[in-house]
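What follows is each chain in one-letter form.
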Amino acid sequence: MMRKVIIASTNPAKINAVQQAFTQVFMHEEMVFEGIAIDSGVADQPLSGDETLTGARNRVTNARRQQPDADFWVGLEAGIESPLTFAWMVIESVNQRGEARSASLPLPPEALQRIKKGAELGEAMDAMFNEHNIKQKGGAIGLLTGHRLTRSSVYEQALILALIPFIHPALYPPEPDFI
């Protein structure tokens, strides 16, 4: 049986992370992945952990409404809590939810200044490193770690953590008010 995963993003770095994580966790299952454009309902550059988590949850909720015929819906939202950047991962099935936050990395003061003036992190990093559209490639993480880590690799870890309730469903019963 083919399982369908809807990813609430068309960003290649996010789609790749979801594919890698699900393929590792569900290695004996056939899966199909579809990225769709979904509004997060928060600022383009969330500036708190709560706003970032809300954005990831909203992406899942909106993806479920737009594409109800799936086995999993995944929302990823990157944010900043100065001086750190990170992302929230939210994964839902019809009866379960998993959430995890990625590793955080410190941003250079220049990037924080650009963000305070209204730039998104990707725009700030593009300007600082003379890049183009880095957020759909290795991200700030790639640039700042000399490509030892990438946006996808860090998101992949967090996604695997968010999948724990699906790996061990008996340990994580759904909450009564879920969905």
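These notes cover the structure that comes with them. (Residues numbered from 1 in each chain as written. Predicted model: local features only at pLDDT ≥ 70, side-chain atom pairs only at ≥ 80, totals over all residues. Heavy atoms only, no water.)

**Re the layout of surface pockets**
One number sums up the size of the largest pocket: a volume of about 610 Å³. Along the wall of the largest pocket there are 35 residues; nearest its centre are Lys 14, Ala 78, Glu 120, Lys 135 and Arg 151. Broken down by element, the residue count for the lining of the largest pocket peaks at four residues, all from strand β3 (residues 72–81). (1 Å grid on protein atoms, 1.4 Å probe; cavity = no way out; pocket = protein on both sides within 12 Å on 5 of 7 lines; lining within 4 Å. Points joined across faces, edges and corners; volume = space filled by probe spheres on them. Helix = DSSP H or I, 4+ residues; strand = E, 2+ residues; numbered from the N terminus.)

**Quick word on helix α2 (residues 49–66)**
Helix length check: α2, at 18 residues, gives a terminal C-alpha distance of 26 Å against a target of 26 Å (1.5 Å per residue), a fit within 8%. Buried residues belonging to α2 abut β1 (3–7), β3, β4 (84–92) and β5 (97–101). (Expected span 1.5 Å × (residues − 1). Contact = heavy atoms within 4.5 Å.)

**A short note on the side chain of Asn 11**
Along the chain, the position of Asn 11 falls in the loop between β1 and α1 (12–25). Of the polar contacts made by the side chain of Asn 11, one reaches the backbone nitrogen of Ala 13; its length is 2.8 Å. (Polar contact = N/O pair within 3.5 Å; in protein donor to acceptor, adjacent residues only side chain to side chain.)

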